[in-house]
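# Summary of structural features
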Amino acid sequence: MAQVGTQDDASHEMGMHTEQLSGRTQQVFFNLDEEGGFAYPDSFEVDFNKRAELDVENMTPKEVNTGIRELMASGHGTIVLKNPGAKHSIAVGILNKLNLIIEGSLGYFGCGLCDGPNIRISGRVGWSCAENMMSGTLVIEKNAGSTFGAAIRGGDLVCKGSVGSRTGIDMKGGNIIVGGDTGAFSGFMMQRGRMIVCGNAGKNLGDSMYDGTIYIGGKIADLGVDAVPGELTDLDKQWLTRKLKMYELLPEKGVDHFTKIVAGKQLWNYDNLEPTEKKLIL
Amino acid sequence: MCGIAGLIHRDGAAGIGQEMTAMLQALRHRGPDSTGFAIYGDASNGEYVLRFKVAEQEDLASGFKIHDEIKQRRAEVDSRLKSLGVDVTAAEDATEYAYRYRIKFAGDLKKLSDFIEDVEGAEILSIGNGLELIKDLGDATVVSNQYALGGFMGTHGIGHTRMATESDVDIRSAHPYWAYPYNDIAVVHNGQITNYWLMRRQLERQGQRFVSNCDSELLAVYTANNLEQGATLEESMKRSIEEIDGVFTYLVATEDSLGMAKDTMAAKPMVLFESDNLVVLASEEVAIRSIMPQEIDTWDPYDEEVRVWHR
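These remarks concern the structure in this document. (Residues numbered from 1 in each chain as written. Chains lettered and ligands numbered in written order. Predicted model: local features only at pLDDT ≥ 70, side-chain atom pairs only at ≥ 80, totals over all residues. Heavy atoms only, no water.)

## Concerning the interface of chain B and chain A
This is how it is decided: Throughout, a residue-residue contact means that at least one pair of heavy atoms, one from each residue, lies within 4.5 Å. What gets called buried area is simply the loss in accessible area from a 1.4 Å probe that two parts show on being joined, summed for both. What counts as a salt bridge is simple: a side-chain nitrogen of Lys or Arg found within 4 Å of a carboxyl oxygen of Asp or Glu. Contacts described as polar in this section are N or O atom pairs within 3.5 Å, which, within protein, must combine one atom able to donate a hydrogen with one able to accept it, while residues neighboring in sequence count only if both atoms come from side chains. What counts as a helix is a DSSP run of H or I of at least four residues, what counts as a strand is a run of E of at least two, and both are numbered from the N terminus. Under the scheme applied, nonpolar residues are Ala, Val, Leu, Ile, Met, Phe, Trp, Tyr, Cys and Pro; charged residues are Asp, Glu, Lys and Arg; polar residues are all the others, including Gly.
Residue-level contacts link 23 residues of chain B with 24 residues of chain A. Summing both sides of the interface, chain B and chain A together bury roughly 1700 Å²; the carbon and sulfur share of this comes to 45%. On the chain B side of the contact with chain A, Glu-295, Asp-300 and Tyr-302 of chain B bury the most area, a combined 31% of that side's loss. The tally of links between chain B and chain A comes to 6 salt bridges. Along the contact surface separating chain B from chain A lie 17 residue pairs in polar contact (both at pLDDT 80 or more). A total of 3 residues in the side of chain B that touches chain A trace back to one element, the largest contributor, which is helix H9 (residues 285-289) of chain B. Here the side of chain B that touches chain A is built from residues that sort into 9 nonpolar, 4 polar and 10 charged.

Next up, the structure:
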């Protein structure tokens, strides 16, 4: 179990920092000493060469998700979904390694809460795609709706077209990569991770971002509160080139023209003590 | 949460009654309380289509002698139409309390509307050369069957599935709203208008009338007021982004156009498909897929985006 180390400052001595990180994830899945600590205890052994197709045209979202789970349970490591018809909440909560190919478009909340699968979608996705994604890759060939990649924690989330507003709102890790444009309030309250947008960004980019990095290849309508330009270093360029090449999104003119946006960190206050706590110390 | 949808065929009439029913039924989960259609048919013969009601659906269950009262109210409306010189060329009972008349009238539509709505329980749903506005309680299939919309042919339309949050579950609070007293203009809205009372009072002082307490009606009255002052539909919709507070995405249809506007926060959804011959919009792509199951390219309009298409 991960624990917060004790520091010798006054506030710790007075018992003001008592939190213990004892969540299920910390406890079970990230114990490096335990073999297989990065796999979920009830995950399935799947073979990527074992392939199945699922026509979901007449299925409810619950039936689709149960169907995916049953196929994984029987060892299928590659699953093709046909005729998704922009249904909502498809392919959610997959905590397993898996190649998932979706032929068509998804509605709202597609592929949310996933940890591990590699997903490719030939169509478009609606609002809140890949919300809270934890690892793996998700590549969308067409456009995406608003709140794309909200609160993601890890993995590569790629939309080759344009995305709606509030992209990467509250993102806590991972990479969001957009081939086209993004709407207003992208990166709002971003905490960690990286966002690459090859096209233009709408107004209030990076508003109230705590940390993380945003790279914009086109024009920025305007920056949000506490979002400031940063220096695009050689390391940034190397990383951008590698990532964009990986998903066939590298612009012909390279990445030198990208603008880097970071947090000004003038709004940081989550580590501050409350006024009453300060009085106690003083 | 409500659902809105609209479409416009730019290559002639199509079965928009069936198409709008399918789209709105696909959005049923966004609002099952009531459903409304503003659909535009053949406007070539110069007559108006008058849609009006003289009671609410719920009155039938609770009203004392309501069936007799409905007959009396309708007779009074007929009498007043006659006194204004209106030539009723066809009269259909859509339901016991809602009617569809084809009329010939060369006079002042506002005067006509005010005179009819002066009858107890009477409300004009729409007057138009092409517009037919139908709204009632229930989902799209229920309302469509009730008003026999399945075979309706036309060029464009808008519709709404309502989840009542700010006002009652009744026909008066259901969408679309007709932009009284302008023929052929209707509005549907998804969102919440936060400066509703302020703007309502301003518009009432300018002589505009409201029939409900639903904030969405403001958009219809606001549009009518702007058009009265000479603005184009596009100018009115662009102005609304500046002047109306809150979160909203709304659609306006006129005799030959379909318009869409999205607020500055882009907080309410809209998915758009556009081709040379057809434009389809809906709160969710699943509604578009209900009439276009093949793979198509769609996208979300951005914040402050205003679009107007003509047939």
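Next comes the rest of the write-up.
## Quick word on the side chain of Glu-19 of chain B
Residue and element names in this part refer to chain B. Definition in use: Residue exposure (1.4 Å probe, protein chains only): buried if accessible area is under 20% of the type maximum, exposed if over 50%, otherwise partly exposed. Think of it this way: Lys and Arg go in the positive column, Asp and Glu in the negative one, and His and the chain ends go nowhere.
With respect to the helices and strands, Glu-19 occurs in helix H1 (residues 16-26). For Glu-19, which is buried and forms no salt bridge, the nearest opposite charge comes from Arg-10, at a distance of 13 Å. Side chain to side chain, Glu-19 and His-9 meet in a polar contact 2.8 Å long. Once residues within four sequence positions are removed from consideration, Glu-19 is found in contact with Leu-7, His-9 and Ile-291.

## Side note on the sheet that holds strand E3 (residues 99-103) of chain A
All names here are of chain A. Note the cut-off: Note: two strands are recorded as paired if DSSP finds a minimum of 2 bridges between them. Lines are fitted to the C-alpha atoms to define the axes, a helix being fitted only along its stretch in contact, and any angle between axes, read from their N-to-C directions, falls within 0 to 180 degrees.
If you trace the 11 strands from one edge of the open sheet to the other, you get E1-E2-E3-E4-E5-E6-E7-E8-E9-E11-E10, paired in mixed fashion. The sheet is open, and its two edges are formed by strand E1 (47-55) and strand E10 (227-230), each paired on a single side. Taken pair by pair, the neighbouring strands of this sheet meet at an average axis angle of 20°, ignoring direction. The sheet contact formed by E1 and strand E2 (residues 76-82) spans 6 bridges and is parallel. By the bridge assignment, Glu-53 is partnered in E2 with Val-80.

## Things to note about unusual backbone geometry
Most peptide bonds take the trans configuration, and most residues that are not glycine carry a negative phi. Here the bond from His-175 of chain B into Pro-176 of chain B is cis, since omega is -5°, no more than 30 degrees from zero. Going from Tyr-180 of chain B to Pro-181 of chain B, the amide bond is cis rather than trans, its omega being -5°. Of note in this structure, Arg-166 of chain A is not a glycine but carries a positive phi near 60°. Counting through the fold element by element, Arg-166 of chain A comes out in the loop between strand E6 (156-159) and strand E7 (172-178).

## Structural notes on the pairing of strand E1 (residues 3-9) of chain B
All names here are of chain B. When you tally the buried positions in E1, you get 7 out of 7 residues, the bulk of the element. Burial along E1 is two-sided: Gly-3, Ala-5, Leu-7 and His-9 and Ile-4, Gly-6 and Ile-8, pointing in opposite directions, are all buried. Where E1 and strand E8 (residues 156-162) come together, 6 bridges link them in antiparallel fashion. Bridging from a neighbouring strand, Gly-3 pairs with Thr-161 of E8. As paired elements, E1 and strand E14 (residues 278-282) share 5 bridges and run antiparallel to each other. What sits directly across from Ile-8, in E14, is Val-279.

## Considering the nonpolar core
Stated formally: Remark: nonpolar core denotes a set of buried residues (Ala, Val, Leu, Ile, Met, Phe, Trp, Tyr, Cys) joined through side-chain atoms within 4.5 Å.
Counting 70 residues, the largest nonpolar core has Leu-112 and Leu-281 of chain B as its most contacted members. In this structure Leu-281 of chain B touches Ile-4, Ala-5, Gly-6, Met-23, Leu-251, Leu-258, Met-260, Met-270, Val-271, Leu-272 and Trp-309 of chain B, once residues within four positions along its chain are discounted. Counting residues in each nonpolar core, the second largest holds 48 residues, with Phe-44, Cys-129, Met-133 and Met-209 of chain A among its members.

## Section: the environment of Ile-39 of chain B
Residue and element names in this part refer to chain B. Assignment of secondary structure puts Ile-39 in strand E2 (residues 34-40). For the pair Ile-39 and Gly-259, spaced 220 residues apart in sequence, the C-alpha to C-alpha distance is 14 Å. The residues touching Ile-39, leaving out its near neighbours within four places in the chain, are Ile-16, Met-20, Gly-130, Leu-131, Glu-132, Ile-134, Leu-149, Phe-152, His-156 and Gly-157.

## Here we look at the sheet that holds strand E4 (residues 87-93) of chain B
Whenever strands of a sheet pair, they do so through backbone hydrogen bonds, lying parallel or antiparallel. All names here are of chain B. Spatial ordering of the open sheet is given by E4-E5-E3-E6, a layout of 4 strands whose pairing is antiparallel. The open sheet is flanked by E4 and strand E6 (123-128), the only strands paired with a single partner. Neighbouring strand axes in the sheet, compared pairwise and without regard to direction, differ in orientation by 20° on average. With 6 bridges connecting them, strand E3 (residues 48-53) and strand E5 (residues 98-104) associate as antiparallel partners. Each residue of the ladder has a partner; that of Val-49, found in E5, is Arg-102. Contacts between helix H3 (residues 66-83) and the sheet are confined to E3, E4 and E5, with E5 contributing the most and set at about 10° to the helix. Packed onto the sheet, helix H4 (residues 109-117) meets E3, E5 and E6 and runs at close to 155° relative to E6.

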